[in-house]
Amino acid sequence: MYLVQGTLVTGELLEVTPKTVVFASTPFGKMTIKRSLVQGLALDPKLDRLLGASAKHDKVRLNTNKFLTGSIKKLDSTSLLFVDQAGKQTTLQRSVIAGLLFKRPLQANLGNKTYTRVSLVNGDKVLGHVASIQGSHLSMVAPGVGSTIVPTEKIVDMEFGMGGGAMWGFTLV
């Protein structure tokens, strides 16, 4: 899951509704996140990037690398309800979907906050605010996602003074 604020969290996508994304991850547990805070989702573990976000529509990337443009209405454990630009409603099996890109804002409001980026051994890259660092763990808060305590053996590296914000309209890696 790629967040607008710049965080990348791996885990299990449970549900997408018009307003929320429900996701479970190791560092944060089960989360319900406002859909407006999520840039995109890679459902296929081999997918390392999503291309082509739109300011007008959602996009679905199929396993065939074909894109569908329209509106993502609902995704559950088995299927996706999608309405294309012509208004035709389609139900797709989740197994044929590689990734989802949500409608992006016309202009991203990144603000002037700085974050600490914590890269974890599982590939997560969490941008947030460090609450405390102990010998055995780090406590942090990631805007839009929540707070977590990470064992120090799960941390690959930390970068301080990072700006926030996803690279809308560019490649998600």
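Residues numbered from 1 in each chain as written. Predicted model: local features only at pLDDT ≥ 70, side-chain atom pairs only at ≥ 80, totals over all residues. Heavy atoms only, no water.

**A closer look at the overall build of the chain**
Then step 1. When helices and strands are counted, the chain shows zero helices and 15 strands.
Then step 2. Taking the intrachain contacts of the chain between residues at least 6 apart in sequence as the baseline, contacts between residues at least 24 apart amount to 54%.
Then step 3. As displayed, the chain offers around 9300 Å² of accessible surface, 53% of which is attributable to carbon and sulfur atoms. (Helix = DSSP H or I, 4+ residues; strand = E, 2+ residues; numbered from the N terminus. Contact = heavy atoms within 4.5 Å. Areas by Shrake-Rupley, 256 points an atom, 1.4 Å probe, with all protein chains shown as cover.)

**A look at unusual backbone geometry**
Then step 1. In this model, Asn-65 sits at a positive phi of 75°, which is unusual for a non-glycine residue.
Then step 2. Relative to the elements of secondary structure, Asn-65 occurs in the loop between β6 (58-62) and β7 (67-75).

**Structural notes on the pairing of β6**
Then step 1. Most of β6 is tucked away, with five of its five residues classed as buried.
Then step 2. Of the two faces of β6, the one holding Asp-58, Val-60 and Leu-62 and the one holding Lys-59 and Arg-61 are both buried throughout.
Then step 3. Alignment of β6 against β7, held across four bridges, turns out to be antiparallel. Its bridge partner being in β7, Arg-61 is matched across the sheet by Phe-67.
Then step 4. Where β6 hands over to β7, the hairpin turn is made up of four residues, of which Asn-65 adopts a positive phi near 75°.
Then step 5. Where β6 lies against strand β10 (residues 97-101), four bridges are found, and the strand directions are antiparallel. Note on β10: the bridge partner recorded for Lys-59 is Leu-101. (Buried < 20%, exposed > 50% of the residue type's maximum accessible area, 1.4 Å probe, protein only. Pairing = 2+ DSSP bridges.)

**What to know about the side chain of Thr-116**
Then step 1. Locating Thr-116 in the fold gives a position in strand β11 (residues 114-120).
Then step 2. The residues touching Thr-116, leaving out its near neighbours within four places in the chain, are Val-126, Leu-127, Gly-128, Val-130, Met-140, Met-158, Glu-159 and Phe-160.

**Remarks on the environment of Thr-20**
Then step 1. By secondary structure assignment, the location of Thr-20 is in strand β3 (residues 20-25).
Then step 2. Separated by eleven residues in sequence, Thr-20 and Met-31 have C-alpha atoms that sit 9.8 Å apart.
Then step 3. Beyond its immediate chain neighbours, meaning those up to four positions away, Thr-20 contacts Glu-15, Thr-32, Ile-33, Lys-34 and Arg-35.
Then step 4. In terms of polar contacts, Thr-20 uses its side chain to reach the side chain of Thr-17, at 2.9 Å. (Polar contact = N/O pair within 3.5 Å; in protein donor to acceptor, adjacent residues only side chain to side chain.)

Geometry only, nothing functional implied.
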